[in-house]
Structure formats: structure tokens, C-alpha cells
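Given next are the chains, with one letter for each unit.
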Amino acid sequence: QVQLVESGGCLVQPGGSLRLSCAASESIFSFNAMGWYRQAPGKERGLVAAITSGGRRNYADSVKGRFTISRDNDKNTVYLQMNRLKPEDTAVYYCNAERTFDHYWGQGTQVTVSS
């Protein structure tokens, strides 16, 4: 069973930065893509950023230029660097790993942007 463990969520002030980590129990190259999703109260879960096994990156319009997804192949870990955070970035952030017929999710990590 694939396990994804997120970490790094916390309370941060507007304009601040935060880095989330997602450690996978298997080689990240075994997945077609890995990504970060987020869900705010009363809203649907949506894609924030994703990176394919070939290294192609995709971002939600709302985070382009502020967030960066990256990976460390040796550590089987995917990161989400979040800069210039806004209150509307407040949400539970979930790591996702995708194979052709399966999706795997982490337990989520809370990010709160507030003064």
C-alpha cells in the first residue's frame, strides 16, 4: 500500500513563506505524476500544482508565480514552496500520487494564513 506523508503546514502571516513536504513510501518515478491539492472549508478540493515523472509542471492560475513544486528523487519526496502567501491560500493541503488506474492521497496538512 502506497503511503504519502505530508508535513510543513502551520500558521503563517500574509506575505510569508512556507514549504510543504510529501514523502512517498515508493519511488516517485513509479507514479505518472505527483501533485498538491487543497480544500478550504465549504469548497471542493482542487489542484494546486503537479509534476509529471518527466518533470513537466502544472499550476493553478491562482498560485502561478508564487508557488513552486519540486522533487528530490533520492528522498522520494515532493515539495511545495509557497511564497507571498495570502489569506485565501488557507486550506488543508493534500499530496496526491497518480498511476494509470490508481490515485493515492496523504492525510493532509493544514495551512493557515492569518495575521
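Scroll up for the structure.
Per chain, the residues get numbers from 1 upward, laid out in the order the sequence is written. Where local features are concerned, this predicted model is filtered to residues with pLDDT of at least 70; where side-chain atom pairs are given and counted, the filter is 80 or more; whole-chain, interface and lining totals use all residues. Excluding hydrogens and water, the side-chain figures rest on all heavy atoms present in the structure.

**Here we look at the state of the cysteines**
Thought 1: Sulfur atoms of two cysteines make up a disulfide when they are within 2.5 Å. In the structure shown here, the tally under the stated rule is 1 disulfide.
Thought 2: With its sulfur 2.0 Å from that of its partner, cysteine 22 forms a disulfide with cysteine 95. On the sign convention where negative is left-handed, the bridge of cysteine 22 and cysteine 95, at about -80° about the S-S bond, is left-handed. Remark: cysteine 95 occurs in strand β9 (residues 91-98) and cysteine 22 occurs in strand β3 (residues 18-24); sequence separation between them is 73 residues. The two residues cysteine 22 and cysteine 95 agree in class, both being buried. Note on conventions: DSSP H or I runs of at least 4 residues are helices, E runs of at least 2 residues are strands, and numbering of each starts at the N terminus. To sort residues, take the accessible area from a 1.4 Å probe on protein chains only and compare it with the maximum for the residue type: under 20% means buried, over 50% means exposed, and anything in between is partly exposed.

**Side note on the environment of serine 25**
Thought 1: In this structure, serine 25 sits in the loop between β3 and β4 (33-39).
Thought 2: A relative accessible area of 43% places serine 25 in the partly exposed class.
Thought 3: Residues serine 25 and leucine 4, spaced 21 residues apart in sequence, show a C-alpha to C-alpha distance of 6.6 Å.
Thought 4: The contact partners of serine 25, leaving out residues within four places of it in the chain, are Gln1, Val2 and Gln3. Residues are treated as being in contact if the distance between any of their heavy atoms lies within 4.5 Å.

**Some details on the side chain of asparagine 76**
Thought 1: With respect to the helices, strands and loops of the structure, asparagine 76 is situated in the loop between β7 (67-72) and β8 (77-82).
Thought 2: Polar contacts here mean pairs of N or O atoms no more than 3.5 Å apart (in protein, one a potential hydrogen donor and the other a potential acceptor; neighbouring residues in sequence count only if both atoms are side-chain atoms). Looking at asparagine 76, its side chain comes within polar contact range of the main-chain nitrogen of isoleucine 28, at 3.5 Å.
Thought 3: Those residues in contact with asparagine 76, other than ones at most four positions away along the chain, are Cys22, Ala23, Ala24, Glu26, Ser27 and Ile28.

**A look at the pairing of strand β11 (residues 109-113)**
Thought 1: Only one face of β11 is covered, namely the face carrying Thr109, Val111 and Val113; the face carrying Gln110 and Thr112 is uncovered.
Thought 2: When DSSP finds two or more bridges between a pair of strands, those strands are recorded as paired. Taken together, the 2 bridges between strand β2 (residues 11-12) and β11 define a ladder with parallel strand orientation. The residue bridging valine 12 from the neighbouring strand is valine 113, located in β11.
Thought 3: Bridge count between β9 and β11: 3 bridges; the pairing is antiparallel. Bridging across to β11, alanine 91 finds its partner in valine 111.

**Some points on the pattern of salt bridges**
Thought 1: In the sections that follow, a salt bridge refers to a side-chain nitrogen of Lys or Arg positioned within 4 Å of a carboxyl oxygen of Asp or Glu. Counting across every chain of the model gives 4 salt bridges.
Thought 2: A salt bridge links glutamate 26 to arginine 99, with the shortest nitrogen-to-oxygen separation between them at 2.5 Å. With glutamate 26 in the loop between β3 and β4 and arginine 99 in the loop between β9 and β10 (103-105), the pair connects residues that are 73 residues apart, well separated along the chain.
Thought 3: Classification of glutamate 26 as partly exposed rests on a relative accessible area of 28%.
Thought 4: Salt-bridge contacts for lysine 64 lead to aspartate 61; the nearest nitrogen and oxygen are separated by 3.1 Å.
Thought 5: Look at the salt bridges and you will find they share partners, linking Arg38, Arg66 and Asp89 into a network.

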